[in-house]
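Residue strings, one per chain:
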Amino acid sequence: MDASADLSVRVPEPELMNEEQQVQAYAAADFSQSDHALVDWIAQRWPQGLGPRVIDLGCGPGNISLLLVQRWREVNVVGIDGAPRMLAVAAERQNDLEPQVSDRLNWEQGCLQNHALGRIYSGIVSNSLLHHLHDPQVLWNTLPQLGLADAAVVIHDLRRPEDERVLQELIDCHAADASPVLKRDYEASLRAAFTVAEVEIQLQQAGLEHLEVLEREDRYLTVAGVLRSSG
Ligand SMILES: C[S@@+](CC[C@H](N)C(=O)[O-])C[C@H]1O[C@@H](n2cnc3c(N)ncnc32)[C@H](O)[C@@H]1O
C-alpha cells in the first residue's frame, strides 16, 4: 500500500486554490445544500447570528460569507483568502446582491500565516479551510488574535475517513456526478482532512480545549463554541 492509500496518515494538499481550472471548477460546483445546512446549523445554535462583525477565513468564492450577510441584516462580514482568483469570483457574486446587503461584505486577500488582522470580531467562521493547512496551528493560533472575548467560533470541515472503503463510498455518494477536477479535489481533500481525535489534540495544544469538536453527518467535523477572554 503506498502512502497516499494509507488513511491513518493525512496527505496534505497545496494550501491555496488559485489555479484557474481549479477555481472555475470549485466556483461552478453546487455546494448550496451543504452551505445552507451549515448556516442553518449556525442559526439554530446562535439564532441572533454571530454578532456585528464576522470574519470568514479561507472564504474562497464567498459561499458562506454571502449567505451570512443575507441571513442576518445587521452583520458585517469580511472574507479573507490567499487566492486572488477565488476573491475575484466572490466579488462578481457580490454584484448580484442588493446594495444594502452588498455594503456589509468586504474581501481581503491574504494568507493567515502573515496577514495582520485586528482583534475586533464577534464571530469567526471557516468552511473547508482547515484541511488545506500544512500546519493546523496556524488556524487555531489565529482565533484569539481575531476574536473578542465571547466571540462565536464555527470551524467546519471534512473529516478523514477511517479507511479506503469508506473513502470510496463517500466519493460515490457525494461526488459521483462531479467534474473530474472536482472529483480529484474531493478525494485529495478527504485524504488531507483531520480526524476528530487529531483536532482535539490540536485544540489542547492551542489552549482552546473548551471548544467542542462535533462529528457531523457521514463526513464532517465542526469545532464550535465561544472564545474565552484569554483565548
Ligand atoms: C476548499 S476552499 C473553501 C472555500 C469556502 N470557504 C467555501 O466555503 O466554499 C479553501 C480556501 O482556503 C484558501 N486557503 C487555503 N490556505 C489558506 C491560507 N493559509 N490563508 C488564506 N486562505 C487559504 C484557499 O485558497 C481556498 O480558497
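Here we summarise the structure given alongside this text. Within any chain, residue numbers begin from 1 and follow the written order of that chain's sequence. With pLDDT at 70 or above as the cut-off, local features in this predicted model cover only qualifying residues; side-chain atom pairs require 80 or more to be listed or tallied, and sums for whole chains, interfaces and linings still use all residues. Hydrogens and waters are ignored; side-chain quantities use all the structure's heavy atoms.

1. Remarks on the overall build of the chain
Where helices and strands are cited, they refer to DSSP runs of H or I of at least four residues and of E of at least two residues respectively, numbered from the N terminus. For the chain, the count of helices and strands is nine helices and seven strands. C-alpha extents for the chain along the principal axes are approximately 50 × 40 × 35 Å. The buried label applies to any residue whose accessible area, calculated with a 1.4 Å probe on protein chains only, is under 20% of its type's maximum; exposed applies above 50%, and partly exposed to all values in between. For the chain, buried positions account for 52% of its 231 residues. Any two residues whose heavy atoms approach within 4.5 Å are treated as being in contact. For the chain, the share of sequence-separated contacts (at least 6 apart) that also reach a separation of at least 24 residues comes to 76%. Per-residue and other accessible areas follow the Shrake-Rupley method at a 1.4 Å probe size, with only the shown protein chains counted as cover for residues. Total accessible area on the chain stands at roughly 11,000 Å², and carbon and sulfur atoms take up 49% of it.

2. Focus on the sheet that holds strand 4 (residues 121-127)
Strands were regarded as paired on the criterion that DSSP finds at least two bridges between them. Spatial ordering of the open sheet is given by 3-2-1-4-5-7-6, a layout of seven strands whose pairing is mixed. Both edges of this open sheet fall to strand 3 (105-109) and strand 6 (212-216), since each of them pairs with a single strand only. Taken over all neighbouring pairs, the strand axes of this sheet differ in orientation by 20 degrees on average, direction set aside. Taken together, the five bridges between strand 6 and strand 7 (residues 220-226) define a ladder with antiparallel strand orientation. Residue pairing for strand 7: Val213 is matched across the bridge by Val223. Axis geometry follows a simple rule: fit a line to the C-alpha atoms, using only the stretch in contact for helices, then measure angles between N-to-C directions, giving values from 0 to 180 degrees.

3. Quick notes on the pattern of salt bridges
We count a salt bridge whenever a side-chain nitrogen from Lys or Arg sits within 4 Å of a carboxyl oxygen from Asp or Glu. Here the structure, examined in full by the defined rule, presents 11 salt bridges. Here Arg160 ties to Glu198 by a salt bridge, and the two come within 3.0 Å at their closest N and O atoms. Placement of Arg160 in the loop between strand 5 (147-158) and helix 7 (164-174) and of Glu198 in helix 9 (residues 196-205) is noted, with a sequence separation of 38 residues between them. Arg191 serves as the salt-bridge partner of Glu164, at 2.9 Å between the closest nitrogen and oxygen. Linking Glu164 in helix 7 with Arg191 in helix 8 (residues 180-192), this pair joins segments that are 27 residues apart in sequence. Of the residues examined, Arg191 reaches a relative accessible area of 11% and is grouped as buried.

4. Re the layout of surface pockets
In this structure, the second largest pocket occupies an estimated 150 Å³ of space. We place a 1 Å grid over just the protein atoms. Points where a 1.4 Å probe fits but has no way out form a cavity, open points with protein on both sides within 12 Å along at least 5 of 7 lines form a pocket, and any residue with an atom within 4 Å of a point lines it. Surrounding the second largest pocket, Tyr26, Ala27, Ala29, Asp30, Phe31, Ser32, Asp35, His36, Asn63, Leu66, Leu67 and Arg93 form its lining. At the level of secondary structure, the elements contributing two or more residues to the lining of the second largest pocket comprise helix 1 (20-28), helix 2 (32-45) and helix 3 (63-71). Residue polarity is assigned by list, with Asp, Glu, Lys and Arg as charged and Ala, Val, Leu, Ile, Met, Phe, Trp, Tyr, Cys and Pro as nonpolar; anything else, Gly included, falls into the polar class. Tallied by class, the residues present in the lining of the second largest pocket amount to six nonpolar, three polar and three charged. Grid points are joined across faces, edges and corners, and a volume is the space filled by probe spheres set on the points.

5. Observations concerning the state of the cysteines
For the purposes of this analysis, a disulfide is any pair of cysteine sulfur atoms at a distance within 2.5 Å. Applying the stated rule across the entire model yields zero disulfides. Counting only cysteine sulfurs, Cys111 is the nearest neighbor of Cys59, a cysteine outside any disulfide, at a range of 12 Å. You can call Cys111 partly exposed: its relative accessible area is 23%.

6. A closer look at the packing of helix 1 against helix 8
The geometry of helix 1 relative to helix 8 is characterised by a closest axis approach of 9 Å and an angle of 90 degrees between their N-to-C directions. Classified by the angle their axes make, helix 1 and helix 8 are roughly perpendicular. Note on element contacts: helix 8 touches helix 1 through Val181, Leu182 and Asp185, opposite Gln21, Gln22, Ala25 and Tyr26. Split by residue class, the contact of helix 1 with helix 8 holds four nonpolar, two polar and one charged. Geometric relationships in this document are graded by angle, where less than 35 degrees denotes roughly parallel, more than 145 denotes roughly antiparallel, 65 to 115 denotes roughly perpendicular, and other angles denote oblique.

7. Details of the site of the ligand
For each residue, the test is whether any non-hydrogen atom lies within 4 Å of the molecule or strand; if one does, the residue is near. Close to the ligand lie 22 residues; Glu15, Tyr26, Gly58, Asp81 and Asn127 are nearest. Contact between the ligand and Met17: an oxygen atom at 3.0 Å from a main-chain N or O atom of the residue. In protein, a polar contact requires one atom able to donate a hydrogen and another able to accept it; more generally it is a pair of N or O atoms within 3.5 Å, and residues adjacent in sequence count only if both atoms are side-chain atoms. Between the ligand and the protein, one listed contact pairs an oxygen atom with a side-chain N or O atom of Tyr26 at 2.6 Å. When the free accessible area of the ligand is taken as 600 Å², the share hidden by the protein chains comes to 99%.

8. Focus on the nonpolar core
For our purposes a nonpolar core is just a set of buried Ala, Val, Leu, Ile, Met, Phe, Trp, Tyr and Cys residues, chained together by side-chain atoms within 4.5 Å. Of all hydrophobic cores here, the largest spans 29 residues; its most connected members are Ile55, Leu57, Leu139, Trp140, Leu143, Val199 and Val223. Broken down by secondary-structure element, the contributors of at least two residues to this core are strand 1 (53-57), strand 2 (76-81), strand 4, helix 6 (137-146), strand 5, helix 9 and strand 7. Take this core: its biggest share by element is five residues, from helix 6. Of all hydrophobic cores here, the second largest spans 27 residues; its members include Trp46, Ile64, Ala90 and Trp107.

Read these as layout, nothing more, since geometry by itself doesn't imply function.
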